[in-house]
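Report on the structure
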There are 2 protein chains.
Amino acid sequence: MEEHEVLDRIARRRARTARRITDARITLAHGAGGRSSQALLESLFLPVLSNPLLAPLGDSAQVPIEGGARLAFTTDGYVVKPLRFPGGDIGTLAVNGTINDLAVSGAKPLALSAAFILEEGLEVAELERYAASIGAAAAAAGVPVATGDTKVVERGKADGLYICTAGVGMIDERVTLDPRLIRPGDRILISGAVGDHGMAVLMARGELDLEGEIESDTAPLHDLASALITAAGDSLRCMRDPTRGGVATTLNELARAASVSIVIDEASVPVHAAVLGACEILGIDPLYVANEGKLVAVVAPEGAERALAALRAHPHGGEAVVAGEVRGDPPGMVLLDTAFGGTRVLDTLAGDPLPRIC
Amino acid sequence: MEEHEVLDRIARRRARTARRITDARITLAHGAGGRSSQALLESLFLPVLSNPLLAPLGDSAQVPIEGGARLAFTTDGYVVKPLRFPGGDIGTLAVNGTINDLAVSGAKPLALSAAFILEEGLEVAELERYAASIGAAAAAAGVPVATGDTKVVERGKADGLYICTAGVGMIDERVTLDPRLIRPGDRILISGAVGDHGMAVLMARGELDLEGEIESDTAPLHDLASALITAAGDSLRCMRDPTRGGVATTLNELARAASVSIVIDEASVPVHAAVLGACEILGIDPLYVANEGKLVAVVAPEGAERALAALRAHPHGGEAVVAGEVRGDPPGMVLLDTAFGGTRVLDTLAGDPLPRIC
């Protein structure tokens with residue numbers, strides 16, 4: 001099938017299944033990464049921005065350049081509240097998050113950009129700390145911040161600061177990563193314990209009567225992703241980083257994109273005890289909580305063992321697991337085999353339990 | 001001289017001449033593009049983000065890629081108030097502004113990214129209009145929005161919406177553009193009338209008791225820049241787009257970067273009558289007012305005539321002029337031969353006359 005036919009087919013399917021935006025005004029749910037975010041994207045942005053580069057809606061766009069190479073290009077806005085939390089701050093998050101969008105697209109990150117929106121009255125010393133975090137995270141990852149911009153808005157028109165980063169990288173030509181390559185029988189790998197970042201931020205707000213030692217998992221995953229590519233080769237179908245909306249939302253996106261079902265074994269998914277405890281008290285499923293240092297990989301059965309071993313051998317993947325597998329039916333659905341022996345649907349998040357966590 | 005020696009020399013000169021940030025808190029002046037913005041960049045961001053890609057501080061970074069080609073990479077935040085104004089809106093501005101940063105770096109734009117920060121309560125219909133503007137501006141320029149992100153912040157934590165765009169392009173290998181190549185005798189070209197954008201936004205705020213028909217000049221300049229490169233060839237030293245801080249700030253940056261002086265003939269600089277009138281009433285020099293569809297080019301004397309002809313032959317350059325020339329002394333200064341026959345220093349903007357215009 002020619003590329004334009006593939007794109008036409010995507011467009012037609014998307015038009016049939018697109019979520020509709022029904023609200024008259026923007027709500028926090030439109031930014032939470034779940035169903036409302038998808039509706040905003042699919043029924044507001046896509047129709048007017050339509051183009052072949054945007055159409056696949058991956059974590060990064062793939063931009064063909066001279067000589068046949070492909071550039072990965074991605075962007076993210078960071079509006080986390082509070083600006084600092086155990087394990088990191090808005091600066092580390094912005095650097096690692098953008099590196100990770102490139103990494104799960106199979107790209108070697110080349111450079112980052114950072115656009116700052118500062119609120120009048122922000123302490124210069126505080127800004128200095130976040131700038132230093134950005135510098136340290138970029139240096140640790142070996143990916144320079146090559147270009148930037150700073151704007152200042154009046155007091156009360158921001159929340160300290162927002163950072164928008166973009167990143168460019170060269171796509172590893174060894175593999176083709178695409179959720180449409182997912183087939184029944186493929187294995188779902190998760191690179192470690194889920195929910196750390198979202199719960200660390202929530203606890204850091206100090207609004208909850210909870211005490212605990214939860215640290216954000218924010219980390220750059222390009223080296224882990226590269227190790228996975230090397231180990232799994234062609235059996236690697238695709239990777240994603242389960243940020244907003246958590247692992248459950250990522251799996252739903254994959255199941256929809258590939259028209260397959262995904263079955264997850266709840267007991268196999270690692271969750272740190274403090275995160276599990278806090279989630280239980282708050283009535284939140286950790287599978288919906290944001291991660292900033294984990295990846296989800298879909299691997300053909302023959303490569304699953306090698307892939308798991310490669311993840312576990314890496315400092316960022318020590319707790320990696322095979323958490324489930326792909327089935328044919330019902331298409332577009334994610335099912336959870338629960339610890340209690342039953343099965344339930346793990347749907348896309350409809351509401352907005354955790355705003356401003358990334 | 002080796003590249004690292006050049007970079008060392010830049011770093012040493014910058015350390016000697018760096019503007020210091022003396023404020024304890026961020027003020028609107030830090031975002032106005034003048035002296036305070038430079039201080040923030042030079043004494044806060046550069047020391048912690050230091051790397052060879054960021055060091056040249058051009059409108060775009062130059063990122064070397066496989067095969068010897070160079071990628072241009074740039075970002076900008078858009079916080080304009082009001083969101084719509086005669087001639088455009090935040091969407092057209094975001095698309096054209098990022099294209100122009102690539103264009104004046106001598107790059108052919110490949111793709112844009114757009115990160116949206118939305119305020120809870122923003123009307124969906126209004127967002128739809130800005131998204132449509134982005135789509136239309138991108139289509140008109142032939143540069144796709146390839147990737148995006150949307151975040152929502154609580155009511156009162158933004159001002160409707162902010163947009164951060166980034167852009168990537170391939171640098172035209174026909175020329176090397178660098179302000180350090182500027183030499184005494186070079187000519188300063190301006191592609192048209194100055195001050196339209198800033199005054200259009202200021203009037204659109206409705207806070208002034210002024211009536212007038214001033215339209216923003218927002219336009220994509222990649223085609224104009226390409227025509228200029230073709231016409232001027234190696235005699236083209238560098239290009240800049242004089243946005244925040246206007247032509248005066250751009251010229252000061254060039255004079256500092258090249259350690260030369262620049263003399264501008266005030267009478268030669270085109271200013272539309274309505275802009276001039278509004279500036280006179282408000283006591284603002286149009287040379288400090290933002291443009292969003294103009295470029296400043298420095299051209300060696302032998303290429304100046306061809307360069308001017310190429311600009312004038314283009315729809316976006318019909319009012320282009322040779323506005324001044326480069327001299328040796330005093331280094332780092334911009335001088336204005338005024339319409340009244342005197343000469344005065346056209347210094348970098350210290351204060352903040354026009355916040356939130358881009």
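Residues numbered from 1 in each chain as written. Chains lettered and ligands numbered in written order. Predicted model: local features only at pLDDT ≥ 70, side-chain atom pairs only at ≥ 80, totals over all residues. Heavy atoms only, no water.

**Quick look at the overall build of chain A**
Rules: Strands are runs of DSSP state E lasting at least two residues, helices are runs of H or I lasting at least four, and both sets are numbered from the N terminus onward. It is over C-alpha atoms that the radius of gyration is taken, and the globule rule equals 2.2 Å times the number of residues to the power 0.38. With a 1.4 Å probe rolled over the protein chains alone, any residue whose accessible area is under 20% of its type maximum counts as buried; one over 50% counts as exposed, and the rest are partly exposed. Here, residues are in contact when the closest pair of their heavy atoms is within 4.5 Å.
Across its full length, chain A holds 9 helices and 14 strands. Against the compact-globule benchmark of 21 Å for 358 residues, chain A has a radius of gyration of 20 Å, which places it among compact chains. Its C-alpha atoms put chain A at 55 × 55 × 45 Å along the principal axes. The burial tally for chain A puts 63% of its 358 residues in the buried class. By sequence separation, contacts in chain A at least 24 residues apart represent 82% of the contacts at least 6 residues apart.

**Examining the sheet that holds strand β12 (residues 321-327) of chain A**
All names here are of chain A. Stated formally: Two strands qualify as a pair provided DSSP detects at least 2 bridges between them. Working convention: axes come from line fits to C-alpha atoms, limited for helices to the stretch in contact. Angles between N-to-C directions cover 0 to 180 degrees.
In space, the 7 strands of this open sheet follow the order β9-β11-β8-β12-β10-β13-β14, with mixed pairing throughout. Strand pairing shows two members of the sheet lacking a second neighbour, β9 (236-240) and β14 (343-345), which therefore form its edges. Put simply, the sheet's adjacent strands are angled 25 degrees from each other on average, direction ignored. Sitting on the sheet, helix α6 (residues 222-232) is in contact with β9 and β11 (296-299), with an inclination near 170 degrees to β9.

**Thoughts on the pattern of salt bridges**
The criterion, for reference: Between Lys or Arg on one side and Asp or Glu on the other, a salt bridge is scored when a side-chain nitrogen of the former is within 4 Å of a carboxyl oxygen of the latter.
Counted according to the given criterion, the structure contains 38 salt bridges over all chains. Linking A:R25 and B:E123 is a salt bridge whose minimum nitrogen-to-oxygen distance equals 3.7 Å. You can see A:R25 sitting in the loop between α1 (3-17) and α2 (35-49) and its partner B:E123 sitting in the loop between β5 (107-119) and α4 (124-141), one on each of two chains. Here A:E325 ties to A:R327 by a salt bridge, and the two come within 3.9 Å at their closest N and O atoms. Judged by its relative accessible area of 40%, A:R327 is partly exposed. Among the charged side chains, a salt-bridge network with shared partners connects A:D76, A:R244, B:D149 and B:K151.

**Digging into the pairing of strand β8 (residues 187-190) of chain B**
Residue and element names in this part refer to chain B. As judged from the 4 bridges shared by β8 and strand β11 (residues 296-299), these two strands associate in the antiparallel manner. Bridge pairing links I188 to V298 in β11. In the sheet, β8 pairs with strand β12 (residues 321-327) via 4 bridges, with the strands oriented antiparallel. Bridge pairing links L189 to V322 in β12.

**Examining the interface of chain A and chain B**
Let me state the cut-off plainly: In short, buried area is how much 1.4 Å probe accessible area vanishes from two parts on joining, totalled over both. Definition of a polar contact: a pair of N or O atoms within 3.5 Å, with one able to donate and the other able to accept a hydrogen when the atoms are protein atoms, and with sequence-neighbouring residues admitted only if both atoms are side-chain atoms.
Every contact between the two is made by 77 residues of chain A and, on the other side, 77 residues of chain B. For the pair chain A and chain B, the summed buried area comes to about 6,500 Å², and 69% of that belongs to carbon and sulfur atoms. Between the two partners, chain A and chain B, sit 10 salt bridges. For A:E154, the salt bridge goes to B:R356, with nearest N and O atoms at 2.2 Å. There are 22 residue pairs in polar contact (both at pLDDT 80 or more) connecting chain A and chain B. At the level of elements, α2, β1 (61-64), β2 (70-78), β5 (107-119), α4 (124-141), β6 (145-153) and β7 (161-171) of chain A are the ones that each hand at least two residues to the side of chain A that touches chain B. A total of 10 residues in the side of chain A that touches chain B trace back to one element, the largest contributor, which is β5(A).

**What to know about the side chain of B:R70**
All names here are of chain B. With respect to the helices, strands and loops of the structure, R70 is situated in strand β2 (residues 70-78). On the accessibility criterion, R70 (19% relative accessible area) is buried. Looking at R70, its side chain comes within polar contact range of the side chain of Q62, at 2.7 Å. Those residues in contact with R70 that lie beyond four places of it in its chain are Q62, V63, P64, G169, M170, I171, D172, E173 and V175.

**Re the domain arrangement of chain A**
Residues and elements named next belong to chain A. Our working rule: Domain start and stop points were drawn from an automatic or database domain assignment.
Domain annotation for chain A reports domain 1 (62-173) and domain 2 (179-345). The distance between the C-alpha centroids of domain 1 and domain 2 comes to 23 Å. Each partner contributes to the interface: domain 1 provides 22 residues, whereas domain 2 provides 20 residues. Looking at the side of domain 1 facing domain 2, the largest losses of area belong to P86, N100 and V104, adding up to 31% of the total buried there. Counting across the interface, domain 1 meets domain 2 through 7 residue pairs in polar contact (both at pLDDT 80 or more). Breaking the side of domain 1 that touches domain 2 down by element, the ones donating at least two residues are β3 (84-85) and α3 (90-103). The dominant element in the side of domain 1 that touches domain 2, judged by the number of residues it contributes, is α3, at 8 residues.

**Points about the packing of aromatic side chains**
Describing an aromatic ring pair means giving the distance of the ring centres and the angle of the ring planes. In plain terms, the rule: Between rings of Phe, Tyr and Trp, where Trp is taken as its six-membered ring, a pair exists when centres lie within 6.5 Å; planes separated by under 30 degrees are stacked, by over 60 edge-to-face, and by other angles tilted. Put simply, a charge is over a ring when the Lys NZ or the Arg CZ is close to the ring centre, within 6 Å, and near the line of the ring normal, within 35 degrees.
Per the counting criterion, the structure on display carries 2 aromatic pairs over all chains. Both rings, one in A:F45 and one in B:F116, keep their centres 4.5 Å apart while their planes meet at 35 degrees; by these two values the pair is tilted. Of this pair, A:F45 sits in helix α2 while B:F116 sits in strand β5, on two different chains. Of the two residues examined, A:F45 and B:F116, each falls in the buried class. Positioned above the aromatic ring of B:Y78 is the side chain of A:K151, whose terminal nitrogen or guanidinium carbon lies 5.6 Å from the ring centre.

**Considering helix α7 (residues 246-258) of chain A**
All names here are of chain A. Cut-off, in case you're wondering: Expected helix span is taken as 1.5 Å per residue step, with the number of steps being one fewer than the number of residues.
For α7, which comprises 13 residues, the first-to-last C-alpha distance of 19 Å matches the rise-based estimate of 18 Å (1.5 Å per residue) to within 8%. Taken across its 13 residues, α7 has 10 buried, putting it largely inside the fold. Of all the positions in α7, only G246, V247, A248, T249, T250, L251, N252, L254, A255 and A258 are classed as buried. In the core, the buried residues of α7 are packed alongside β8 (187-190), β9, β10 (261-265), β11 and β13 (334-337). Looking one or two residues beyond α7, the residue adopting positive phi is S259, at roughly 50 degrees.

**Quick word on the relation of the copies chain A and chain B**
A rotation about an axis combined with a shift along that same axis relates the two copies of the chain. As a reminder, the rule being used: To line up the copies, we fit them by least squares on C-alpha atoms, keeping just the residues with pLDDT of at least 70 in both.
After a rotation of 180 degrees and a shift along the axis of 0.0 Å, chain A superposes on chain B with an RMSD of 0.0 Å. Viewed as a symmetry operation, the transformation between the two copies matches a two-fold axis. Mapped onto chain B, 100% of the interface residues of chain A are again interface residues, and the two copies thus contact each other with one and the same surface.

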